[in-house]
Amino acid sequence: LIYDAAGKDATKVFDPIHPKDIMDKLLKPSLTMGMVDTATIKPEHVSQPEAKKPAPKKPVKKTETGGEEDTVAEFVKPPLAAMLNTFDFES
């Protein structure tokens, strides 16, 4: 993230993985430079999240138990937004 968005506006990449109040908690007021006029930001200076690639289809395993055939689906990771971090417990 840091190297890919170096020198660019990384808001679209940063926001989905950080709590909304992270900057208020960690950035000292003396280091805040002020608000940015969004009209002055050129498209080439905005870092875009990587395009989502469709997940490859995984084969479904079939098992037989007691003469019956059961279908077992592969484990799928939950979306990042569904996960908790330490800030969720501290707020």
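Shown above is the structure to which this text applies.
Parameters and conventions
- Residues numbered from 1 in each chain as written.
- Predicted model: local features only at pLDDT ≥ 70, side-chain atom pairs only at ≥ 80, totals over all residues.
- Heavy atoms only, no water.
- Helix = DSSP H or I, 4+ residues; strand = E, 2+ residues; numbered from the N terminus.
- Buried < 20%, exposed > 50% of the residue type's maximum accessible area, 1.4 Å probe, protein only.
- Areas by Shrake-Rupley, 256 points an atom, 1.4 Å probe, with all protein chains shown as cover.
- Patch = residues over 30% accessible without salt bridge, like charges linked within 9 Å, V, L, I, M, F, W, Y side chains within 5 Å.
- Salt bridge = Lys/Arg side-chain N within 4 Å of Asp/Glu carboxyl O.
- Polar contact = N/O pair within 3.5 Å; in protein donor to acceptor, adjacent residues only side chain to side chain.

Visitor: Teacher, can you tell me more about the overall build of the chain here?
Guide: Per the secondary structure count, the chain includes three helices and two strands. The helix and strand sequence of the chain, counted from the amino end, reads α-α-β-β-α. Considering the chain as a whole, with its 91 residues, one finds that 4% of them fall into the buried category. Approximately 8900 Å² of the chain is accessible, and the part contributed by carbon and sulfur atoms is 60%.

Visitor: Any chance you could explain a nonpolar patch on the surface here in plain terms?
Guide: A surface patch of nonpolar side chains, amounting to about 290 Å² of accessible area, comprises Ile17, Leu80 and Met83. Structurally, Ile17 is set in the loop between helix 1 (11-14) and helix 2 (22-26). Residue classification places Ile17 among the partly exposed residues on the basis of a relative accessible area of 41%.

Visitor: Please explain the environment of Thr40 as it appears in this structure.
Guide: Relative to the elements of secondary structure, Thr40 occurs in the loop between helix 2 and strand 1 (61-65). You can call Thr40 exposed: its relative accessible area is 54%. Here Asp37 takes part through its backbone oxygen, which lies 2.6 Å from a polar atom of the side chain of Thr40.

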